[in-house]
Amino acid sequence: MATAVCPGSFDPPTNGHMDVIRRSVSLFDQVVVAVIRNLSKTPMFRSSERVAMLGDLFADEPTVEIASFDGLLVDFAKDRNVNVIVKGLRAVSDFDYELQMAQMNHRLSGIDTVFVPTSPEHAYLSSSLVKEVGSLGGAVDSLVPPEVARLMKERWSHER
């Protein structure tokens, strides 16, 4: 049985994330969506909120598990008996970084990485860009799932 992990900060989950995760579901028997705390960024949503959002978004997918972790991805993957890491690629610039990470992860654990190119209609999306657009009053409704857009607007209304 092939189990994959799709790691990310998912702050917030975008339509690009959804695309890569859904396509991973069609490729693997089990998919663990792993929400990592990114220490280099200030999150909009707490890790527990992101886990809850993703849990709601994939509630109808019995082969998807949502979890959070700190530390090395390969340690999390080994603990869950994960066979492969799935990383979405938007552009060649993503590949340069992700290839290096894939090689390090393989060196540390023997776990291979599979790259899934993001569908062209989502290739420009990043969580950082979505947050920037929304914080400046731009519409995010077509960039993230509807429930995520609602939660983002609610968060900004409390901050203003």
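Coordinates for the structure precede this section.
In this report, we go over the structure that sits alongside the text.

1. Points about the overall build of the chain
Then, in step 1: A tally of regular secondary structure across the chain gives six helices and five strands.
Then, in step 2: Taken from the N to the C terminus, the helices and strands of the chain come in the order β-α-β-α-β-α-β-α-β-α-α.
Then, in step 3: Taken against the 2.2 N^0.38 rule, which gives 15 Å for 160 residues, the C-alpha radius of gyration of the chain at 15 Å falls within 12% of a compact globule.
Then, in step 4: If you line up the chain on its principal axes, its C-alpha atoms span 45 × 35 × 30 Å.
Then, in step 5: Counting over 160 residues, the chain shows a buried share of 45%.
Then, in step 6: When contacts within the chain are restricted to residue pairs at least 6 apart in sequence, those whose partners lie at least 24 apart make up 76%.
Then, in step 7: For the chain, the exposed surface amounts to about 8,700 Å²; the carbon and sulfur share of it is 53%.
Then, in step 8: Put simply, the chain has 16 plus and 21 minus side-chain charges, and the middle of one group is 4 Å from the middle of the other.

2. Brief notes about the sheet that holds strand β4 (residues 84–89)
Then, in step 1: Read across the open sheet, the five strands follow the order β3-β2-β1-β4-β5; overall the sheet is parallel. Each edge of the sheet is formed by a strand with only one pairing partner; in this case those strands are β3 (64–69) and β5 (112–117). Neighbouring strand axes in the sheet, compared pairwise and without regard to direction, differ in orientation by 30 degrees on average.
Then, in step 2: Where β4 lies against β5, six bridges are found, and the strand directions are parallel. When the sheet's bridge partners are listed, I85 is paired in β5 with T113.
Then, in step 3: Packing against the sheet, helix α1 (residues 15–27) makes contact with β1 (3–8), β2 (30–36), β3, β4 and β5, and its axis sits at approximately 120 degrees to β5.
Then, in step 4: Across the sheet, helix α4 (residues 92–109) is in contact with β4 and β5; its angle to β5 comes to roughly 160 degrees.

3. Notes on the nonpolar core
Then, in step 1: Membership of the largest hydrophobic core comes to 31 residues, with the highest contact counts inside it found for L54, V140, V144 and M152.
Then, in step 2: Contributions of two or more residues to this core are made by β1, α1, β2, α2 (47–57), β4 and α6 (146–159).
Then, in step 3: Among the elements that take part in this core, α6 stands out by supplying five residues, more than any other.
Then, in step 4: If sequence neighbours within four positions are ignored, L54 has contacts with F10, P13, I21, V33, V35 and I66.
Then, in step 5: Counting residues in hydrophobic clusters, the runner-up holds eleven residues, among them A77, V82, I85 and I111.

4. Quick look at a nonpolar patch on the surface
Then, in step 1: A surface patch of nonpolar side chains, amounting to about 290 Å² of accessible area, comprises L72, M104 and L108.
Then, in step 2: Its location among the elements puts L108 in helix α4.
Then, in step 3: Relative accessible area serves as the criterion here: at 43%, L108 is assigned to the partly exposed category.

5. Describing α1
Then, in step 1: Over its 13 residues, α1 runs 19 Å from end to end, which matches the ideal 18 Å to within 8%, given 1.5 Å per residue.
Then, in step 2: Listing the buried residues of α1 in full gives N15, G16, M18, D19, V20, I21, S24 and V25.
Then, in step 3: Those residues of α1 that are buried are in contact with β1, β2, α2, β3, β4 and β5.

What counts, and where the lines are drawn
- Residues numbered from 1 in each chain as written.
- Predicted model: local features only at pLDDT ≥ 70, side-chain atom pairs only at ≥ 80, totals over all residues.
- Heavy atoms only, no water.
- Helix = DSSP H or I, 4+ residues; strand = E, 2+ residues; numbered from the N terminus.
- Rg over C-alpha atoms; globule rule 2.2 N^0.38 Å.
- Buried < 20%, exposed > 50% of the residue type's maximum accessible area, 1.4 Å probe, protein only.
- Contact = heavy atoms within 4.5 Å.
- Areas by Shrake-Rupley, 256 points an atom, 1.4 Å probe, with all protein chains shown as cover.
- Lys, Arg positive; Asp, Glu negative; His and termini not counted.
- Charge placed at Lys NZ, Arg CZ, Asp CG, Glu CD.
- Pairing = 2+ DSSP bridges.
- Axes fitted to C-alpha atoms, helices over the stretch in contact; angles between N-to-C directions.
- Core = buried A, V, L, I, M, F, W, Y, C linked by side-chain atoms within 4.5 Å.
- Patch = residues over 30% accessible without salt bridge, like charges linked within 9 Å, V, L, I, M, F, W, Y side chains within 5 Å.
- Salt bridge = Lys/Arg side-chain N within 4 Å of Asp/Glu carboxyl O.
- Expected span 1.5 Å × (residues − 1).

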